[in-house]
Amino acid sequence: MLAATFAAVFVALYVGHSVGDHWVQSSCQAADKGKPGWVGRLADARHVLGLTLTKVILLAPVVLLLDLHVSALGLILGFTVDAVTHWWADRRTTLAWLAKVAGKSEFYALGTPAHPAAPATAGGGYAPTLGTGAYALDQSFHHVWLLVGALIIATV
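In what follows, the accompanying structure is described. Throughout this description, residue numbers start from 1 for each chain and increase along the sequence as written. With the structure being a predicted model, the display of local features is reserved for residues of pLDDT at least 70 and the display and counting of side-chain atom pairs for 80 or more, all residues being used for whole-chain, interface and lining totals. To get the side-chain values, all heavy atoms of the structure are used, and hydrogens and water are removed first.

## Quick word on the packing of helix 1 (residues 2-24) against helix 3 (residues 37-65)
Helix-helix packing is characterised by the crossing angle of the two axes and by the distance between the axes. Axis definition: a line fit to C-alpha positions, over the contact stretch in the case of helices; interaxial angles, taken between N-to-C directions, run 0 to 180 degrees. Comment: elements are numbered from the N terminus, with helices defined as DSSP H or I runs of at least four residues and strands as E runs of at least two. Close contact between helix 1 and helix 3 brings their axes to 8 Å; oriented N to C, the two are set at 140°. One element, helix 1, and the other, helix 3, form an angle in the oblique class. Considering the relative orientation of helix 1 and helix 3, their crossing is right-handed. In this structure, helix 1 contributes Ala8, Val9, Ala12, Leu13, Val15, Gly16, His17, Val19, Gly20, Asp21 and Val24 to the contact, and helix 3 contributes His47, Gly50, Leu51, Thr54, Lys55, Leu58, Leu59 and Val62. In the contact of helix 1 with helix 3, the residues fall into eleven nonpolar, six polar and two charged. An angle below 35 degrees is read as roughly parallel, one above 145 as roughly antiparallel, one from 65 to 115 as roughly perpendicular, and any other as oblique. By definition, any crossing whose near helix is turned counterclockwise from its far helix by less than a right angle is left-handed, and any crossing with a clockwise turn is right-handed. Working rule for contacts: check all heavy atoms of both residues, and any pair within 4.5 Å makes them a contact. Put simply, Ala, Val, Leu, Ile, Met, Phe, Trp, Tyr, Cys and Pro go in the nonpolar bin, Asp, Glu, Lys and Arg in the charged bin, and everything else, Gly too, in the polar bin.

This is how it looks when you write it as structure tokens:
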């Protein structure tokens, strides 16, 4: 039963993450969350609050309709770990630092003007894309912590 609970919780959190990160997050939050100081910290906090509420809203019917056995403590701890790690990574400089320490700086810069093979328009100008190394590393970092959060929710 634990494996089924974990699987159902992980799927709900994964879908909630995708919806919260891409549909619920405002353009202002996305633009400001990496800024230095309180402007960035608060924009990131607002983003993570909306993201976490999205995950809670999507997980609730899964837990209720599938009659999953989860504890209040597991939910609190799992969502806290997920929220704190998401906030940390979305400050941007923190994830850039982690990429540097892991030897992934060039991949982190992929798809941006900072990368030696930056995408360009026919006229030679920057051609921004959604597919950057920073985005890929950001999402994979979040997925690891979704897994940890789901394990906590399912087992505590």
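There is more to say, and it comes next.
## Brief notes about the pattern of salt bridges
Whenever a carboxyl oxygen of Asp or Glu lies within 4 Å of a side-chain nitrogen of Lys or Arg, that contact is scored as a salt bridge. Throughout the structure, instances matching the rule amount to three salt bridges. The partner of Lys35 in a salt bridge is Asp32, with the nearest N and O atoms 2.8 Å apart. The cut-offs for exposure are 20% and 50% of the maximum accessible area for each residue type, with area from a 1.4 Å probe on protein chains only; residues under the lower value are buried, those over the upper are exposed, and the others partly exposed. When its relative accessible area of 39% is taken as the criterion, Lys35 is described as partly exposed. By relative accessible area, which is 14% here, Asp32 ends up buried.

## As for unusual backbone geometry
Backbone geometry at Asp67 places phi at a positive 55°, although glycine is not the residue there. Relative to the helices and strands, Asp67 resides in the loop between helix 3 and helix 4 (72-90).

## Observations concerning the side chain of Gln25
With respect to the helices and strands, the residue Gln25 is situated in the loop between helix 1 and helix 2 (27-32). There is a polar contact of 3.5 Å between the side chain of Gln25 and the side chain of His47. Here a polar contact is recorded for every N or O atom pair within 3.5 Å, except that within protein the pair must consist of a potential hydrogen donor and a potential acceptor, and residues adjacent in sequence are included only if both atoms are side-chain atoms.

## Description of the layout of surface pockets
If a probe as big as a water molecule is rolled over the atoms, it shows which places are left empty. Residues are said to line a cavity or pocket when one of their atoms sits within 4 Å of a point; the points come from a 1 Å grid over protein atoms alone, cavities being sets where a 1.4 Å probe fits but cannot get out and pockets being open sets with protein on both sides within 12 Å along at least five of seven lines. Grid points are joined across faces, edges and corners, and a volume is the space filled by probe spheres set on the points. There is about 410 Å³ of room inside the largest pocket. What lines the largest pocket is a set of 16 residues, among which Lys33, Arg92, Tyr135, Asp138 and Gln139 lie closest to the centre. For the lining of the largest pocket, the elements supplying multiple residues, two or more each, are helix 1, helix 4 and helix 7 (133-155). With four residues, the top contributor of residues to the lining of the largest pocket is helix 7. Class assignment of the residues belonging to the lining of the largest pocket gives a composition of seven nonpolar, four polar and five charged.

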